[in-house]
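The chain contents come next:
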Amino acid sequence: MIRLGLCCIFREQPIKFRRKTAKSMLGLPRSEQLGVLASLCRLNAGALQQALRYCQAHGIGDFRINSQILPLYTHPQLGYRLEELPGGEEIIAAFARCGTFCRDHGLRTSFHPDQFILLSSPSEEVTQRSIAELNYQAELAELVAADVINIHGGGAYGDKEQALARLTRRLQRLRPQVRARLCLENDDRIYTPRDLLPLCLAEGVPFVYDVHHHRCLPDGMEVAEVTESARRTWDREPLFHLSSPRDGWNGKNPCFHHDFIDPADFPAVWLEPGLDLSVEVEAKAKELAVNRLRKDLADRVVLFPDGE
DNA sequence: AGCGGTCAAGTTGAT
DNA sequence: ATCAACTTGACCGCT
């Protein structure tokens, strides 16, 4: 069964996640800050509920949750705890209901912390901030029943081997709630599947195979070969990423994402009968792209069912 | 109401 | 030495 995933936002559905810039908040007294943050968090919990309902109804079995769903949660000056927000208990309950909804309907959710979260950095300060951020994401992941927190290898710092050795060491410092969800994904600049798979297999870190990144930054491995190795890193349903190039494979920069997925870019080996797989669709037309791909695949493979 | 410039965080590579 | 690109909008503050 193939479970397609939607990433973070909607193109047409009126489902919006809200946030604020730190700059606009820093001048306010703490009580006003907390008031504004509380209303954003409450709104975003409601938007997440709507997003999950949409996915359930449309046979989208996976939803990636944006890290900013709790805006500025770990900001050095503006950071907060949900419990200290006005109406915090109700906000927590609203997120917990999202988790219950996912369990009831077999939906999967994931987090993808952005480029500032680095376990390979030589800087202890960067590492500590990153671990703090991962702790936050794991806390929220527990609340909404998400099983994936997916990051990249980070920088090379002039020596990939050493950087990956640092990353490996730092796995020991992660809380079980983080470690149980942490995954590593190949990127399109530095870390290829060939770089990451040995670490993932040795350390039991699930490998999120982004086939688009791999096609943009090839490493001599075949798609089928990476797919097979990636599967072995997962003790549950593997999660992969897929995109199509904006200007075609012969265009100027194939890394740019297209609005939609060209079904020809969907690897044939991912359609093998009996293979359960989550495929997050990184396409700018968002739910429209997932819905179209779902139609395109319908007669070739068993899909996560839509709620009738 | 509409517009353009800006947005917490790190790293790389183009200029 | 500086700055855009990462994913890519959404938000802010000005008119």
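Preceding this paragraph is the structure being described.
Quick caveat, the model's predicted, so the values are computed rather than measured.

Caption draft 1: The protein's contact with DNA strand B, seen in detail. Inspection of the region around DNA strand B gives 18 residues, with Ala 22, Lys 23, Arg 129, Ala 156 and Tyr 157 positioned closest. Each atom of DNA strand B within 4 Å of the protein belongs either to a base or to sugar and phosphate, the latter forming 50%. The contact in question runs from a phosphate oxygen of DNA strand B to an N or O atom on the side chain of Ser 121, over 3.0 Å. One of the backbone N or O atoms of Ala 156 is found 2.9 Å from a phosphate oxygen in DNA strand B.

Caption draft 2: The arrangement of the protein's contact with DNA strand C in detail. In the neighbourhood of DNA strand C, the contacting residues comprise Phe 17, Arg 18, Arg 19, Lys 20, Thr 21, Ser 24, Asp 114, Gln 115, His 213, Phe 256, His 257 and Lys 284. Between DNA strand C and Arg 18 there is a distance of 3.2 Å, counted from a phosphate oxygen to a side-chain nitrogen or oxygen. The contact in question runs from a phosphate oxygen of DNA strand C to an N or O atom on the side chain of Lys 20, over 3.3 Å. Tallied by class, residues from the surface near DNA strand C come to 2 nonpolar, 5 polar and 5 charged.

Caption draft 3: Examining the packing of aromatic side chains more closely. Enumeration according to the criterion identifies 10 aromatic pairs in this entry. Plain terms: the ring middles of Tyr 209 and Phe 240 are 5.7 Å apart, the flat faces sit at 80° to each other, and that makes the pair edge-to-face. You can see Tyr 209 sitting in strand S6 (residues 207-210) and its partner Phe 240 sitting in strand S7 (residues 239-242), a full 31 residues away along the chain. Take Phe 240: its relative accessible area is 0%, and that puts it in the buried class.

Caption draft 4: Broad picture of the environment of Leu 217. Structurally, Leu 217 is set in the loop between helix H8 (211-216) and helix H9 (223-232). Between the C-alpha atoms of Leu 217 and Ile 190, which are 27 residues apart in sequence, the distance is 8.1 Å. If we ignore the near neighbours within four places in the chain, the residues touching Leu 217 are Asp 187, Asp 188, Arg 189, Ile 190 and Thr 192.

Caption draft 5: Up close: the side chain of Gln 137. Turning to its location among the elements, Gln 137 is positioned in helix H4 (residues 124-144). The class of Gln 137 is buried, set by a relative accessible area of 1%. In this structure, Gln 137 is in contact with Ser 67, Phe 111, Pro 113 and Ile 149, ignoring residues within four places of it in sequence.

The rules behind the values
Residues numbered from 1 in each chain as written. Chains lettered and ligands numbered in written order. Predicted model: local features only at pLDDT ≥ 70, side-chain atom pairs only at ≥ 80, totals over all residues. Heavy atoms only, no water. Near = heavy atom within 4 Å. Polar contact = N/O pair within 3.5 Å; in protein donor to acceptor, adjacent residues only side chain to side chain. Nonpolar A, V, L, I, M, F, W, Y, C, P; charged D, E, K, R; others polar. Phe/Tyr/Trp six-rings, centres within 6.5 Å; stacked < 30°, edge-to-face > 60°. Helix = DSSP H or I, 4+ residues; strand = E, 2+ residues; numbered from the N terminus. Buried < 20%, exposed > 50% of the residue type's maximum accessible area, 1.4 Å probe, protein only. Contact = heavy atoms within 4.5 Å.

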